[in-house]
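# Per-entry structural report
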Amino acid sequence: MAILQKNTLYSLLLLQCALSTVATQDDLRYVNPLIGSTNGGNVFAGASLPYGMAKPVADVDGQNTGGFSTDGSNVTGFSHMHDSGTGGNPSMGNFPLFPQYCKDNIVDNCKFPKAARAVRYKNDSVVARPGYFALTLENGIKAEMTAARRTALYRFTFPKGRTADGDDLNPLISVDLTDLWDSRQNASISLDADKGRIKGNGAFLPSFGAGSYKSYFCADFGDAEVDDSGIWVNDRAGSVQDLFVTRGFNNFYLQAGGYMAVDRPDNGVVTVRVGVSFVSSDQACKNAEVEVPQPEDAFDHLRKSAEAAWKEKLGPIKVTPGGASKDMISSFWSGIYRTMLSPQDLTGENPLWKSDEPYFDSFYCLWDAFRAQHPFLTIIDPKAQSKMVRSLLDTFKHEGWLPDCRMSLCKGWTQGGSNADIVLADAYVKNLTGIDWELAYKAMVNDAENEPLEWSYAGRGGLQSWKHLNYIPYLDFDYIGFGTNSRSISRTLEYAYNDYALSIVAKGLGKKDYTTYLSRSGNWQNLYKEDQKSLLGNGTDTGFTGFFQPRYINGTWGYQDPIACSALASWCSLTSNPSETFESSIWEYLFFVPHDMAKLIKMVGGPKSFVSRLDYFHTSGLADMGNEPVFLTVYDYHYAGRPGLSASRAHAYIPSSFNATHNGLPGNDDSGAMGSFLAWSLMGLFPNPGQNVYLIIPPFFEAVTITHPETNQTATIRNVNFDKTYKKIYIRSAKLNGKPYTKSWIGHEFFTRGMTLELTLGDKESDWGTRKEDLPPSLSNSVAAVGNHDGM
């Protein structure tokens, strides 16, 4: 007995030693911002602070949605604000700088318009690290950049150059009054050669929303001796110091900006500090002066400060790899890193209203982010997540509606339901603090009861039908508000879950009307057509019957091919081939009943039939891993009593679709949505957002610990018999805090109380987590997921 105790103590000491060793490692070295920088990942690869507003990077003329891509295209400039992982039009990229030499120091020999000045970069020169980005152009000019919260700092190193007469060439740096997708409506610029300063502003269009926004900058050239300055228009320049441009006649896009030519310093280094603002050019100057008071000497210090900020944010999580590959570790940390690039903290930079509340922007979009990103921030940065929720509520308070999507101070297009409701409910059941829940309840009720005139960018449409027909009809007659009259299936399913989220908050606050919304949460059933078949393009029957279908106002059925809008068919979005499901097929939306999977499983014929459908969906090519609605389908096996198949399915996609290469994402990162899906999966848990539920699979590492930033309690997920070749991926048994644990899910108290979950693995499925009482909660089996309760 004494020997056994000694061995046990020795094993615990070894484990503690291993964990503490990992805790002292510099995990930041594993972060690779270039993962997803090509093949449609559209990530932002440049320098940023966590949730930072200033985001400098090289802009290219290829895949430039995030500014830079490793697709070998040409650099057109270096700009200071970007979004990460978005689709559609490139976002921001305002007022790019471009460094060059003018032949013989004649300014008109310089190349000013985008297409003319574009130059390739040396592929092996690209360096991307948290808080730092650098590359060298083929002409030998090296560009480095780092960032403060609202200030970008550039360090350009110019090689020596000579004129035809043998004189030294003078570096010239231009500023372009444009953005990434040339959406500028008007702009102005002014130069002060004595101060070495350029100020300007412009009105631009949001990349996925309505209206326009104004952006401001203030560029300082520090100690550089200014040799010449002026403005340029198209391909000519002059010594004029002020310029105002509009969109132009018949939308002709006038290319214009300013420049400063400086004497080349002996070391060739020219430092440019760029403050940015959404308030004014003076505010941009003030931002820069406060954050980077001595730019010539600040670069290395600012870079180290950015690294320190990222280390702090990544600090709650530690990994014991257990032999897992460096690529897997890099994928994990890089995914976590990208969850904190956006939303961006624009507190103090909101000119739309005055408030003491935080203001966050670049919710791009909540339809993507509610599924994994915001739940992930809830465990590693609950303070920031609380601020984001407060920002959403303050937006409701001043604009009348919770946003579903928001960027650059503009209202973004609503993709499905009112999914800020899910974010609020998730915060509620996980007890985030500092939130006015009465205001939250009021905002959610507003979504459920009041239809805005324009519901393309706020609230919900078709509420008359929703309340009286209990579904959103195909070709709905809606004269109260106006929007894209499509997506009747996906809106019905999403509205049902939105109302469930509202019922959770309402019940928790003691509101009697929670039963109304609980009842509406079952409306998804009214679009289920039990005799509907699904055929492949060649007419082959898939063998499955029963799918959601569009339904007219009079109750008769319409038709949409269940295969349509899948990865086997054409893309369906708001503007491209709009259909009754948004960016997803009927096959995929079949599995979106997050609050009542038990009833869905019963409707499709029981667990065996449900698993068969899921398998077919994931193996036939129907599943689109490049888009967020697919996320929960990877883990839906849990609800049919087959948690081992969820683990198997996760391994089927990781690392084949999610890996550490430049094309290592299957689709748009969507502000960190893909990154958070990956991080959750590798960690061995996955949230059902809006509920106090995390579905359990074995982590892809030997152990992972998460220290809650507010309670300071450390939760541990540890594999016994961990196999780095991933042949043992099935849970045979589990212990929670040393006691047997049979449920396939766990609650948020796992993190806040700092519990230890120990999973014993094998190479075959077992009966762990398969009993009815061990399944995750569903509405129809009366296991309520209300509030922060014990999932054990």
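Let us look at the structure shown here. Note that the structure is predicted; figures quoted are calculated from it, not measured.

### Structural notes on the pairing of strand 12 (residues 213-220)
- Of all eight residues making up strand 12, seven are buried, and the element is well covered by its neighbours.
- For strand 11 (residues 197-204) and strand 12, the ladder comprises eight bridges, and the chain directions are antiparallel. Looking at the pairing, Gly 200 lines up with Phe 217 of strand 12.

### Thoughts on the side chain of Arg 197
- Turning to its location among the elements, Arg 197 is positioned in strand 11.
- A relative accessible area of 15% means that Arg 197 is categorised as buried.
- Side chain to side chain, Arg 197 and Glu 289 meet in a polar contact 2.8 Å long.
- Once residues lying within four places of it in the same chain are set aside, the contact partners of Arg 197 are Ser 190, Leu 191, Asp 192, Cys 218, Ala 219, Asp 220, Met 260, Arg 273, Cys 285 and Glu 289.

### So, the packing of helix 9 (residues 420-429) against helix 10 (residues 437-449)
- Between helix 9 and helix 10, whose axes approach to 10 Å, the crossing angle comes to 150°. By the criterion of interaxial angle, the relationship of helix 9 to helix 10 is roughly antiparallel. Considering how the two elements wind past one another, helix 9 and helix 10 form a crossing that is left-handed. Here helix 9 contributes Asp 421, Leu 424, Ala 427 and Tyr 428 to the contact with helix 10, which in turn contributes Trp 437, Ala 440, Met 444 and Asp 447.

### Overview of the packing of helix 5 (residues 326-338) against helix 18 (residues 673-683)
- Running from N to C, helix 5 and helix 18 point in directions that differ by 130°, and their axes come no closer than 8 Å. In terms of axis orientation, helix 5 runs oblique to helix 18. Considering how the two elements wind past one another, helix 5 and helix 18 form a crossing that is left-handed. From helix 5, Met 328, Ser 331, Phe 332, Gly 335, Ile 336 and Arg 338 reach across to helix 18, where they touch Gly 675, Ser 676, Leu 678, Ala 679, Leu 682 and Met 683.
- Split into classes, the residues belonging to the contact of helix 5 with helix 18 amount to seven nonpolar, four polar and one charged.

### Section: the layout of surface pockets
- Quantified by volume, the largest pocket comes out at close to 540 Å³.
- Looking at the largest pocket, it is lined by 26 residues, and the ones nearest its centre are Gly 87, Gly 88, Phe 208, Ser 573 and Glu 583.
- Considered class by class, the residues forming the lining of the largest pocket number eight nonpolar, 14 polar and four charged.
- Formed jointly, the lining of the largest pocket draws a minimum of three residues from each of two domains, domain 1 (97-116 + 130-312) and domain 2 (317-762).
- If you add up the space inside the second largest pocket, you get close to 290 Å³.
- Lining the second largest pocket are 15 residues; nearest its centre among them are Ala 598, Lys 599, Ile 601, Leu 775 and Asn 781.

### A short note on the pattern of salt bridges
- Evaluated as defined, the whole model comprises 30 salt bridges.
- Two residues, Asp 282 and Lys 199, come together in a salt bridge whose shortest N-O distance is 2.8 Å. In this pair, Asp 282 sits in helix 3 (residues 281-291) while Lys 199 sits in strand 11, placing the two residues 83 residues apart along the sequence.
- By relative accessible area, Asp 282 is classed as exposed at 52%.

### Examining the sheet that holds strand 26 (residues 694-696)
- Across the sheet, which stays open at both edges, the three strands sit in the order 25-26-31 with antiparallel pairing between neighbours. Looking at the sheet topology across the chains shown, the edges are occupied by strand 25 (685-687) and strand 31 (745-746).
- For strand 26 and strand 31, the ladder comprises two bridges, and the chain directions are antiparallel. By the bridge assignment for strand 31, Leu 695 is matched with Trp 745.
- Contacting strand 25 and strand 26, helix 18 crosses the sheet at an angle of about 135° to strand 25.

### Quick notes on helix 3
- All of the buried residues along helix 3 are Ser 281, Ala 284, Cys 285, Asn 287 and Ala 288. Mapping the buried residues of helix 3 onto a view down its axis gives an arc of 160°, with all of them on the same face. Opposite the buried face of helix 3, at more than 90 degrees from it, the exposed residues are Asp 282, Lys 286 and Val 290.
- Where the residues of helix 3 are buried, they touch strand 8 (151-157), strand 11, strand 12 and strand 17 (269-277).

### Quick look at the state of the cysteines
- Inspection of every chain in the model, using the stated rule, returns four disulfides.
- One disulfide bridge connects Cys 365 with Cys 405, the sulfur atoms lying 1.7 Å from each other. Because the torsion about its S-S bond is -50°, the bridge between Cys 365 and Cys 405 counts as left-handed. With Cys 365 in the loop between strand 20 (360-361) and helix 6 (366-369) and Cys 405 in the loop between helix 8 (382-399) and strand 21 (406-407), the pair connects residues that are 40 residues apart, well separated along the chain. For the pair formed by Cys 365 and Cys 405, the shared burial category is buried.
- Here Cys 565 is linked by a disulfide to Cys 572, with a sulfur-sulfur distance of 1.9 Å. Residues Cys 565 and Cys 572 are joined by a disulfide whose S-S torsion is about -75°; by sign, that bridge is left-handed.

### A short note on the pairing of strand 29 (residues 730-736)
- Note: strand 29 against strand 32 (residues 756-762), six bridges, orientation antiparallel. Bridged to Tyr 730 within strand 32 is Gly 762.
- Taken together, the two bridges between strand 29 and strand 30 (residues 739-740) define a ladder with antiparallel strand orientation. Within the sheet, the bridge partner assigned to Lys 735 lies in strand 30 and is Pro 740.
- Counted along the chain from strand 29 to the antiparallel partner strand 30, the turn is two residues long, and its residue Asn 737 has a positive phi close to 50°.

### With respect to the environment of Pro 33
- Mapping Pro 33 onto the fold places it in the loop between helix 1 (2-24) and strand 1 (57-60).
- Expressed as a C-alpha distance, the spacing of Pro 33 and Trp 680, which sit 647 residues apart in the sequence, is 18 Å.
- If we ignore the near neighbours within four places in the chain, the residues touching Pro 33 are Val 43, Phe 44, Ala 45, Ala 128, Arg 129, Pro 130 and Tyr 337.

### Digging into the packing of aromatic side chains
- Taken as a whole and judged by the stated rule, the model has 46 aromatic pairs.
- Each ring, one from Phe 78 and one from Phe 156, has its centre 5.7 Å from the other, and the planes form 65°; the classification is edge-to-face. With Phe 78 in strand 2 (residues 74-79) and Phe 156 in strand 8, the pair connects residues that are 78 residues apart, well separated along the chain.
- Residue classification places Phe 156 among the buried residues on the basis of a relative accessible area of 0%.
- A centroid spacing of 4.6 Å and a plane angle of 40° characterise the contact between Phe 95 and Phe 217, whose relative ring orientation is tilted. Of this pair, Phe 95 sits in the loop between strand 2 and strand 3 (97-101) while Phe 217 is found in strand 12, placing the two residues 122 residues apart along the sequence.
- By the ring-pair criterion, three or more aromatic residues cluster together here, those being Phe 95, Phe 204, Tyr 213, Phe 217 and Phe 278.
- Over the face of the ring belonging to Tyr 495 we find Arg 460, whose NZ or CZ atom lies 5.1 Å from the ring centre.
- Over the ring of Trp 557 we find Arg 551, and its NZ or CZ is 4.5 Å from the ring centre.

What counts and what doesn't
- Residues numbered from 1 in each chain as written.
- Predicted model: local features only at pLDDT ≥ 70, side-chain atom pairs only at ≥ 80, totals over all residues.
- Heavy atoms only, no water.
- Buried < 20%, exposed > 50% of the residue type's maximum accessible area, 1.4 Å probe, protein only.
- Helix = DSSP H or I, 4+ residues; strand = E, 2+ residues; numbered from the N terminus.
- Pairing = 2+ DSSP bridges.
- Polar contact = N/O pair within 3.5 Å; in protein donor to acceptor, adjacent residues only side chain to side chain.
- Contact = heavy atoms within 4.5 Å.
- Axes fitted to C-alpha atoms, helices over the stretch in contact; angles between N-to-C directions.
- Parallel < 35°, antiparallel > 145°, perpendicular 65-115°, else oblique.
- Left-handed = near helix turned anticlockwise from the far one by under 90°.
- Nonpolar A, V, L, I, M, F, W, Y, C, P; charged D, E, K, R; others polar.
- 1 Å grid on protein atoms, 1.4 Å probe; cavity = no way out; pocket = protein on both sides within 12 Å on 5 of 7 lines; lining within 4 Å.
- Points joined across faces, edges and corners; volume = space filled by probe spheres on them.
- Domains from an automatic or database assignment.
- Salt bridge = Lys/Arg side-chain N within 4 Å of Asp/Glu carboxyl O.
- Arc of directions from axis to C-beta.
- Disulfide = S-S within 2.5 Å.
- Phe/Tyr/Trp six-rings, centres within 6.5 Å; stacked < 30°, edge-to-face > 60°.
- Lys NZ or Arg CZ within 6 Å of the ring centre and 35° of its normal.

As far as function goes, none of this settles anything; it's purely spatial.
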